[in-house]
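Tertiary structure, described
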Amino acid sequence: MAEGKVTMVSSGAREGYTFFPMDNAQCSGCVYYGICIGGLERSQAYQVKTIRSVHHACPLDQEDMTVAEVSEASFIAIFDKKMIVKGQLLPYKRQVCSNLACPNYFYCAALPVQEGKKLRVLEKPSDVNCPLGRKLMVTKVQLA
């Protein structure tokens, strides 16, 4: 994993909080872009390591943001059931699902990871109880 980075997070975030960076088209023109989200990869999960005492109001939505040190973090992903082993590299493939009420929906169909990105399997996968009856497996991964 890469060395830690300094960024801005919602003031409600605490040490240990894990997130995927999200932005919109207006973010790139912001005076805080470089410190806020400009140095983070959108497909990567990050974990807050240290909260600093510096705060800024987001010019886009006026949300109170605080400066924090973050590091790359592992995350949960769901794959079609097949032979998956710890240490394996897999291309990410989003599941097609319309069941928004499913507790697994985010990990199956809404992870902000680019299709085809290589992920390294960190743990032995386990079966997922899919309400639609699909044969799926869940495991902890990180970008390769």
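Scroll up to find the structure.
Presented here is a report on the structure given in the accompanying data block. (Residues numbered from 1 in each chain as written. Predicted model: local features only at pLDDT ≥ 70, side-chain atom pairs only at ≥ 80, totals over all residues. Heavy atoms only, no water.)

1. Comments concerning the sheet that holds strand 4 (residues 64–73)
Spatially, four strands are ordered 1-4-3-2 in an open sheet, and the strand pairing comes out antiparallel. Sheet topology places strand 1 (5–10) and strand 2 (18–19) at the edges, where each strand pairs with a single neighbour. In terms of strand pairing, strand 1 meets strand 4 through six bridges, oriented antiparallel. When the bridges of strand 4 are listed, Val-9 appears paired with Thr-66. (Pairing = 2+ DSSP bridges. Helix = DSSP H or I, 4+ residues; strand = E, 2+ residues; numbered from the N terminus.)

2. Quick word on the packing of aromatic side chains
Counting across every chain of the model gives five aromatic pairs. Between the aromatic rings of Phe-106 and Tyr-107, the centroid separation amounts to 5.5 Å while the plane-to-plane angle is 85 degrees, which identifies the pairing as edge-to-face. For Phe-106, a relative accessible area of 35% corresponds to the partly exposed category. By relative accessible area, Tyr-107 is classed as partly exposed at 32%. (Phe/Tyr/Trp six-rings, centres within 6.5 Å; stacked < 30°, edge-to-face > 60°. Buried < 20%, exposed > 50% of the residue type's maximum accessible area, 1.4 Å probe, protein only.)

3. Some words on the environment of Asn-129
With respect to the helices, strands and loops of the structure, Asn-129 is situated in the loop between strand 8 (126–127) and strand 9 (136–143). A sequence separation of 25 residues divides Asn-129 from Asn-104, and the C-alpha atoms of the two residues are 8.8 Å apart.

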